[in-house]
Amino acid sequence: MSRNNNIARARAHSNIAFVKYWGNLDDDLRLPANSSISMNLAALHTTTTVEWQADRKTDSLTINGARADKSALLRVRAHLDEIRRRLEVDCRARVDSYNNFPMGTGIASSASAFASLTLAAVSALGKRMDVRALSTLARLGSGSAARSVASGFVEWRSGDSHDTSCAETFAEADHWALVDVIAVVSRSHKRVGSSAGHQTAGSSVIQSARVDSAGARLLSVKQAILQRDFELFAKTVEEDSNLMHAVMMTSRPPLFYWQPLSLTVMESVRRWRATDGLQVCYTLDAGPNVHCICAAGDAERVVDRLKALSPEIEILRSRVGGGAVVLPADPPHRERRLRK
Ligand code: PMV
């Protein structure tokens with residue numbers, strides 16, 4: 001391996017799912033129980049530098065300039081092992097990763113982290129892959145990372161094998177001016193992460209009904225996005241989020257991610273839409289923070305109303321983002337934190 005082309009830097013955005021991925025058919029390959037839909041978040045991204053070093057004995061990982069803890073390192077190492085095995089590489093890597101959004105806010109960073117890691121690792125080997133191939137590879141690190149590789153509004157088709165389970169863009173980022181106003185109601189780390197949650201999803205009696213009906217919601221959400229039909233979009237997105245959380249709450253052991261303030265925000269969002277005509281709906285991932293998806297024209301009003309609800313709510317906001325990209329591989333740089 002040449003010492004000149006073994007380093008690369010890549011950036012990927014986080015994403016928010018409108019039809020959720022919850023539960024796998026195959027945990028090792030992260031083949032999901034159902035197909036899902038998401039949009040990338042322009043303002044929330046991870047930038048990762050990978051350098052393959054022939055004389056290195058072990059992989060290393062820093063996150064935001066500090067040495068990562070053991071569990072993060074093990075997960076990244078397992079993903080690098082997959083890349084090594086599939087691309088026939090036998091050396092170790094130095095990995096430096098920066099999130100521009102505050103860590104520990106419960107905003108999932110694994111999607112942007114593994115999408116940027118995958119693209120940087122592959123590029124540092126001097127290889128080129130199309131979006132589908134990169135998406136399948138990123139999926140092995142974190143399911144939702146498969147969606148962060150592609151740009152804008154993305155569909156991840158579940159597939160039935162490693163090569164057929166990948167995500168693709170179905171509408172570009174400028175297709176519909178939606179904004180994700182994230183009501184951060186808790187900064188605490190989730191006790192049960194999504195990888196563990198996927199493994200217990202099948203223990204809920206509701207999971208099979210959720211999975212069986214996911215295809216119909218996917219068609220509705222896709223149609224709503226393509227036709228910019230906010231009413232259909234809002235109704236289906238909220239139902240899908242509620243169904244996923246119903247599965248979580250009825251799994252063995254049960255998982256409760258909602259907090260009292262999450263419910264206050266969810267009820268308010270429904271009221272603002274039903275009685276005040278604001279184009280806003282909610283969806284929650286594996287955490288208590290509420291993603292308020294709104295038409296760009298209503299985002300400022302939604303922010304003001306959330307602030308008025310409780311002084312405990314912190315707000316992040318993002319427009320629709322692009323896909324994963326390779327950046328010039330400069331020496332480690334300081335990432336600017338997202339302004340709240
Ligand atoms: O990619 P993971 O394993 O972190 O799972 C993501 C699960 C949810 O965020 C709850 C839903 C989704 O589709 O993103």
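This text follows the structure it describes.
In this report, we go over the structure that sits alongside the text. Values in this document were obtained by computation on a predicted structure and should not be read as measured data. (Residues numbered from 1 in each chain as written. Predicted model: local features only at pLDDT ≥ 70, side-chain atom pairs only at ≥ 80, totals over all residues. Heavy atoms only, no water.)

1. What to know about unusual backbone geometry
- A cis amide bond, omega -5°, links R252 with the succeeding residue P253.
- Checked against the element boundaries, P253 lands in the loop between α7 (230–249) and α8 (260–276).
- Although it is not a glycine, R30 adopts a positive phi angle of roughly 50°.
- Secondary-structure assignment places R30 in the loop between β2 (24–26) and β3 (31–32).
- Notably, R228 is not glycine yet its phi reads approximately 50°, a positive angle. (Helix = DSSP H or I, 4+ residues; strand = E, 2+ residues; numbered from the N terminus.)

2. With respect to helix α1 (residues 70–87)
- Look at α1: 25 Å from first C-alpha to last across 18 residues, which is about the 26 Å you get at 1.5 Å a residue.
- Residues L73, V76, H79, L80, I83, R84 and L87 constitute the buried set of α1. Summarising the axial view, the buried residues of α1 lie within an arc of 145°, below the 170-degree limit, and thus occupy one face. Facing away from the buried side of α1 by over 90 degrees, the exposed positions are K70, S71 and R85.
- Elements in contact with the buried residues of α1: β4 (36–53), β5 (60–63), β7 (92–99), α2 (110–124) and α3 (131–139).
- In the stretch just after α1, E88 is the one whose phi turns positive, near 55°. (Expected span 1.5 Å × (residues − 1). Buried < 20%, exposed > 50% of the residue type's maximum accessible area, 1.4 Å probe, protein only. Arc of directions from axis to C-beta. Contact = heavy atoms within 4.5 Å.)

In short, geometric facts, not functional conclusions.
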